[in-house]
Amino acid sequence: MVDYGKPLPQVRRETRGFWEGCKRHELLIQRCEDCGTYRHYPRPMCACCGSWNVEWAKATGKGRVYSYIVTHQLFHPAFFDDVPYAVVIVELEEGVRMVSNIVDCGPDEVYIGMPVEVVFDDVTEEVTLPRFRSSSQVGRPSP
Ligand code: ZN
């Protein structure tokens, strides 16, 4: 495994289940045990009913690009070789949105509504990042 060299997520109590799922190549999102509402980013209380009872649910990993930006400005030296790159907000089939990257196409090819599916990038021994690829690429090996 190549030295990743980029900032890594800080795992906290509320996010531990999400990152542990990623490590197993499962995309987990929180679901309220009382009203069934999905939520992401992970947090302790349901914004719909106020319940603190929460479970981890396995998401399909499929969704669409809800919005995106193309970053041309270098904000961190570790991303020098990456610019320009797209930062996308993916709306999952479960209705929650998550910030990520697209791995299989250039920033000029990303569009709003683009069907995507999750792939898992084992960037270190401890951390796996969820990224997305065009769902028309189903069947290709993970990058
Ligand atoms: Zn609820």
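Residues numbered from 1 in each chain as written. Predicted model: local features only at pLDDT ≥ 70, side-chain atom pairs only at ≥ 80, totals over all residues. Heavy atoms only, no water.

Asks: So, the sheet that holds strand β4 (residues 62–71): which residues are in play, and what are the values?
Replies: Across the sheet, which stays open at both edges, the five strands sit in the order β6-β5-β4-β7-β8 with antiparallel pairing between neighbours. In the strand order of this sheet, the two ends are held by β6 (97–100) and β8 (128–134), each with one partner. On average, each strand axis in the sheet is inclined to that of its neighbour by 40 degrees, with strand direction left out of account. Bridging between strand β5 (residues 85–92) and β6 involves four bridges; their strand directions are antiparallel. Opposite Val 88, over in β6, you have Ser 100 as the bridge partner. Against the sheet, helix α1 (residues 16–23) contacts β6, β7 (115–122) and β8, and its axis sits at roughly 65 degrees relative to β8. (Pairing = 2+ DSSP bridges. Helix = DSSP H or I, 4+ residues; strand = E, 2+ residues; numbered from the N terminus. Axes fitted to C-alpha atoms, helices over the stretch in contact; angles between N-to-C directions. Contact = heavy atoms within 4.5 Å.)

Asks: Give me the lowdown on the side chain of Thr 71, citing residues and values where you can.
Replies: Among the structural elements, Thr 71 can be located in strand β4. Under the relative-accessibility criterion, Thr 71 is labelled buried at 6%. (Buried < 20%, exposed > 50% of the residue type's maximum accessible area, 1.4 Å probe, protein only.)

Asks: Break down unusual backbone geometry for me, citing the residues and quoting the values.
Replies: Cis rather than trans, the peptide bond between His 40 and Tyr 41 has omega equal to 15 degrees. Summarising the element assignment, Tyr 41 is placed in the loop between β2 (38–39) and β3 (54–58). Put simply, Val 83 and Pro 84 share a cis peptide bond, and its omega is -5 degrees. Inspection of the secondary structure puts Pro 84 in the loop between β4 and β5. Residues other than glycine seldom take positive phi values, yet His 25 does so here, at roughly 60 degrees. Along the polypeptide, His 25 turns up in the loop between α1 and β1 (28–32).

The analysis is restricted to geometry; functional conclusions fall outside its scope.
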